[in-house]
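Secondary and tertiary structure notes
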Amino acid sequence: MLMKDVFDKLKKLQDILVKKYSLESKLKDEPKQINTSKELLERMKKEYIDKNQEYDNVKSTVLKLRTDLDDAVKSRESGEKSMDNITTHREYEALDKQISEATAKEQDLRKELQKQEKMLSEVKENLDSYEAMISSQEKDINDHQSDIDKNLESYNRELEKLKKEEDKIKPGLDSEIVFKFERIIERNSKGIVAVRSGAGGKYGVCTGCHMILPAQFVNEVREGENIYFCPYCSRILYYEESTDKDETFYNFDAGGSLIDEDDDGYDENDENNDDRDEDEVSENEEENEDEAELNEENDSEEGSPVDEDSES
Ligand SMILES: [Zn+2]
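Worth saying up front: this structure is predicted, and the values here are computed from it rather than measured. (Residues numbered from 1 in each chain as written. Predicted model: local features only at pLDDT ≥ 70, side-chain atom pairs only at ≥ 80, totals over all residues.)

1. Description of the overall build of the chain
Operational definition: Helical segments are the DSSP runs of H or I of at least four residues, strand segments are the runs of E of at least two, and each set is numbered from the N terminus. With C-beta atoms placed from the backbone, a residue is labelled by how many other C-beta atoms lie within 10 Å of its own: buried for 20 or more, exposed for 12 or fewer, partly exposed between the two. Any residue pair is listed as a contact if its two C-beta atoms, each placed from the backbone, are within 7 Å.
The helix and strand tally for the chain stands at six helices and five strands. Sequence-ordered secondary structure for the chain, helices as α and strands as β, is α-α-α-α-β-β-β-α-β-β-α. For the chain, the proportion of its 312 residues judged to be buried stands at 17%. The long-range share in the chain, meaning contacts at least 24 apart out of those at least 6 apart in sequence, stands at 70%.

In structure tokens:
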């Protein structure tokens, strides 16, 4: 397969993979959105149980007070009735005591009952509004859940389509390259980027990480006989003629500072720049070896500096 076709395939695959990974992360994250609401609902239900227990307690207190009050009333009334039939002063005193005690008790009980009934109606009101809150929360969650389910369904449908396209594109591509490519895209969203030459071809720049790459390496990318990975960001590189001459890039050696436009930022023998053409053949041979090492290293380390093990 021509390298250009490989790059075209990889670019298409990249578009598919970017969509695929975004859908997969939505599939994973969207169901979580509802978790806070579900936790809140659980807390509300627990509190409702406590409040309901409180309501039951107050209610039984009220019932007991009503019975006690009935007894006190009966005791007072029977005392009052018996008053008509008494014959001795002693009987009168005993009866009078019974009546006044029953009356006092009756008054106390009425007061307490009033208090407890008021509390009961407050607790009941509170309980009712809690119940309403819970059912509205449940409804919200159900609505949200069905929205999420719908979304997940459409994501899955979309993923199936993407999978089919992916299966169409992948044949013919080196599976190891594809594996690396997928890892890079998962982390950086772009796995294949252009190299553009700057300063009249003295160096090239990776448009993925904006690092300056050696001219010889860029030449190899331009010749396109192999797949080359950026030694800095591990992305697959293809060559593209530079269009914007004023573009400035970060120079790795200078610790990320912007390079001077007059400085090519790469060549160590600035003063010899003009004579460079004569030496180029021998110099390039040296660089060739360096680049071969660079690429080997890149291959064996699974495209570091991207950390392959940190699955987060
Ligand atoms: Zn790069």
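Having seen the structure, we can now continue with the description.
2. Considerations on the nonpolar core
Here is the rule: Joined through C-beta atoms within 7 Å, a set of buried Ala, Val, Leu, Ile, Met, Phe, Trp, Tyr and Cys residues constitutes a nonpolar core.
Formed by 28 residues in total, the largest nonpolar core has its most connected members in Val-195, Cys-206, Leu-213, Val-218, Val-221, Ile-236 and Leu-237. Of all the elements in the fold, those that place two or more residues in this core are helix 1 (3–29), helix 4 (175–188), strand 1 (192–198), strand 2 (203–206), strand 3 (212–214), helix 5 (215–223), strand 4 (228–229) and strand 5 (236–240).

3. Focus: the sheet that holds strand 1
So the rule is basically this: For two strands to be treated as a pair, DSSP must find at least two bridges joining them. Working convention: axes come from line fits to C-alpha atoms, limited for helices to the stretch in contact. Angles between N-to-C directions cover 0 to 180 degrees.
Taken in spatial order, the five strands make up an open sheet running 3-2-1-5-4, and their pairing is mixed. Sheet topology places strand 3 and strand 4 at the edges, where each strand pairs with a single neighbour. The pairing of strand 1 with strand 5 spans five bridges and is classified as parallel. Bridging across to strand 5, Ile-192 finds its partner in Ile-236. Sitting on the sheet, helix 1 touches strand 1 and strand 5, and the angle it makes with strand 1 is about 125°. Sitting on the sheet, helix 5 touches strand 1, strand 2, strand 3, strand 4 and strand 5, and the angle it makes with strand 3 is about 85°.

4. Some details on the pairing of strand 5
Relative to strand 5, strand 4 runs antiparallel, the two being bridged by two bridges. Along strand 5, the bridge assignment pairs Tyr-228 with Leu-237. In this antiparallel pair of consecutive strands, strand 4 and strand 5, the connection spans six residues, and Ser-234 shows a positive phi of 70°.

5. Some thoughts on helix 4
Basically, it comes down to this: Expected span of a helix: the number of residues minus one, times 1.5 Å.
With 14 residues, helix 4 extends 20 Å from end C-alpha to end C-alpha; this agrees with the ideal 20 Å at 1.5 Å per step. As for helix 4, its buried residues are in contact with helix 1 and strand 5. Following helix 4 by one or two positions, Ser-189 adopts a phi angle in the positive range, close to 70°.

6. Quick look at the environment of Ile-16
Note that Ile-16 resides in helix 1. Separated by 153 residues in sequence, Ile-16 and Ile-169 have C-alpha atoms that sit 9.8 Å apart. Residues in contact with Ile-16, not counting those within four places in the same chain, are Leu-162, Glu-165 and Glu-166.

That is the geometry; function is a separate question.
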